[in-house]
Amino acid sequence: MKPKSKITSLVIASALTAALAGCQQESKPTEPKTEAPKKPTVAEATAYVADAEQRIEDIYEYAAKSAWVAQTYINSDTQYLESKANKEFKLLGIELANGAAKFNDLKLPYDIERKLKLLRLGLTLPAPANEPEKAEELSKIESQLSAMYGSGKTPDGNEYDLIQLSNVLVDSDDPQAMLDAWVQWRKVSPQMKEPYQRLVEIANEGAKDLGFKDLGAMWRSHYDMDPDAFAQEMDRVWGQVKPLYESLHCHVRAKLNEKYGEEVVANNGAIPAHLLGNMWAQQWGNIYDTVAPEGGTGVDVTERLQAKSYDAVGMVREAEGFFTSLGFKPLPDSFWTNSLFTEPRDRDVVCHASAWDITTEDYRIKMCIQITGDEFNTIHHELGHNFYQRAYNLTQPMLYRGSANDGFHEAIGDTIALSITPKYLKEIGLINEVPDADGDLPFLMRMAMDKIAFLPFGLMVDKWRWKVFNGELTPESYNQGWWQLREEYQGVKAPIARTESDFDPGAKYHIPGNTPYSRYFLAHILQFQFHRELCKIAGHEGPLHRCSIYNNKEAGAKLKAMLEMGQSRPWQEALETMTGAKQMDATAVLDYFAPLQAWLNEQNTGRECGW
Ligand code: X8Z
Ligand code: ZN
């Protein structure tokens, strides 16, 4: 992820603005006015924006560095420093957002109006105006939740290791061992429930203060269109890919049933969540062997990386090489010295991968890299963030330093990783022979297990949060509401009974981390749209899944032009610049997986699909 947004987490509406507003409401129109309030001018709005950009720039490095140390050295001192910096950032954000409102009725030049809107939306978790103690409380909760997740420590003195427990789900064939690992990791989250509930309360107040119905409505207002229409747009796109997901689900369930028997996985209904090779059943690539088409030969990237003795830095260098092959400048030396690539032995860190821009020259990733094909993809994902950040940081003013929408940020590195085809792996010497056409189905199945399996998860996480923010779900129904959505969208169920003393959403990084999640759903659609377009530019002919844009400078230039736009224009325009279309379109996903869909249809003949 990239660290939230530029104005990550800032606060206070100026007491002055609020008091003034109160005055105006109370004044009676019939009374003779001695001093009419002065109407703000365009010049004042312009100056306001310039000042805001400077003030954000002044505090950004301090806030980013405080967050960096808090996540790479988890202890009470760094939590203190991080929450203090976060509070200051929040206070500034609230002041700037509220101050922006006074220009609401003014006809303004495009850039000023857009920047004022961005100021209003700047905070992921706003606190209410005029109550700095709530901004402080909220900032402390944020740091506390992040540390709980990152350290895996619980109040009873136990410590749970996510990487180790996840590896059980990857390596084991024993349902009981997998169940134990699944249950163990969920011991870190019950302690989060109470602070999370308070966080929701405060941030909702903050969002309402800024004129939004609730925090969910504020999050959905980031997309250059009516917030409700945007939610519908996501559902529309989900409708395009849902039949493919249902086919995959059907086949996977049948194969798991063959492997573990009716007792463990019934041939109807939802699939128990501990058997899909991933702690959250969000990507299923790790159980590829169980569902693989017979006959064809796939490429095992994990095995190849290990056989070639890659280490973490070697993998990052290889990924950087893809970007430079497209014409991007190499990352600065400081990237290599400042990043965290491997899990330290001597301290707790937040291992969940992220990419940071600390200054316009200082870019970093934070990962606990393992030598696997999955992690190789994640490295490309993270570098996509860094290359995006650098592209807009060097060309755009402060308030435009962000992606067209957050889905774009998440899509760039993944778009590049779609070019990690067998042909590419041969070019970098990882494999010696490209499998012939009968390798296509295994390849597509491996991809679908990650990319298609992910889609309903990408959708349901924020559907849950939206319901929490609008009060449809309460602390008495948090967990039940979570599993209801998991079942409805993913066709996945809890493997054992859960209650409201569990807080299973908290066992997923982005809940305690307060990172909006719709972005990943969008990214999983957009990356195929981008890939299809870049492949066209690169002159690729033949099936989309065999295209790699490696070394293609024209495709690189097209991509760079979009990255350099930052968030200066509505995302629909950025999409149009890149693809000629203004709408998200999942037909690129369907094109890519067309041969797999046909194959799944055959496999599923006679099976009862659905749940
Ligand atoms: O969180 C991430 C990235 C960092 S932005 C590693 N992803 C989501 C997740 O892990 O849940 C990438 C795919 C979805
Ligand atoms: Zn990301």
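The structure reproduced in this document is the subject of the present report. This is a predicted model, so every value here is computed, not measured.

1. Some thoughts on the packing of helix 10 (residues 227–260) against helix 24 (residues 594–603)
As a packed pair, helix 10 and helix 24 sit with axes 10 Å apart at the nearest point and diverge in direction by 45°. As judged from the angle between their axes, helix 10 and helix 24 are oblique. Both helix 10 and helix 24 take part in a crossing whose hand is left-handed. In contact with P243, L244, S247, L248 and H251 of helix 10, helix 24 contributes Q597, W599, L600, N601 and Q603. Tallied by class, residues from the contact of helix 10 with helix 24 come to five nonpolar, five polar and no charged.

2. Section: the state of the cysteines
In total, this model carries three disulfides according to the counting rule given. Residue C250 pairs covalently with C609 via a disulfide, S to S 2.0 Å. Disulfide C250-C609: torsion about the S-S bond near -75°, hence left-handed. Taken together, the residues span a long stretch of sequence, with C250 in helix 10 and C609 in the segment after helix 24 at a distance of 359 residues. What pairs with C351 in a disulfide is C368, and their sulfur atoms sit 2.0 Å apart. The sign of the -80° torsion about the S-S bond sets the C351-C368 disulfide as left-handed. One end of the pair, C351, is in the loop between helix 14 (333–338) and strand 2 (354–357); the other, C368, is in the loop between strand 3 (363–366) and helix 15 (373–393), with 17 residues separating them in the sequence. For C368, a relative accessible area of 7% gives the class buried. With its disulfide-bonded cysteines labelled consecutively along the sequence, the chain is connected as 1-6, 2-3, 4-5.

3. As for unusual backbone geometry
Even without a glycine there, the phi angle at A281 is positive, about 55°. You can see A281 is positioned in the loop between strand 1 (271–272) and helix 11 (288–291). On the basis of relative accessible area, A281 is assigned to the buried category, the value being 0%. In the Ramachandran plot, N514 falls in the positive-phi region, its phi being about 50° despite a non-glycine side chain. Relative to the assigned elements, N514 resides in the loop between strand 4 (492–493) and helix 20 (518–537). For N514, a relative accessible area of 1% gives the class buried.

Scoring rules and cut-offs
- Residues numbered from 1 in each chain as written.
- Chains lettered and ligands numbered in written order.
- Predicted model: local features only at pLDDT ≥ 70, side-chain atom pairs only at ≥ 80, totals over all residues.
- Heavy atoms only, no water.
- Axes fitted to C-alpha atoms, helices over the stretch in contact; angles between N-to-C directions.
- Helix = DSSP H or I, 4+ residues; strand = E, 2+ residues; numbered from the N terminus.
- Parallel < 35°, antiparallel > 145°, perpendicular 65-115°, else oblique.
- Left-handed = near helix turned anticlockwise from the far one by under 90°.
- Contact = heavy atoms within 4.5 Å.
- Nonpolar A, V, L, I, M, F, W, Y, C, P; charged D, E, K, R; others polar.
- Disulfide = S-S within 2.5 Å.
- Buried < 20%, exposed > 50% of the residue type's maximum accessible area, 1.4 Å probe, protein only.

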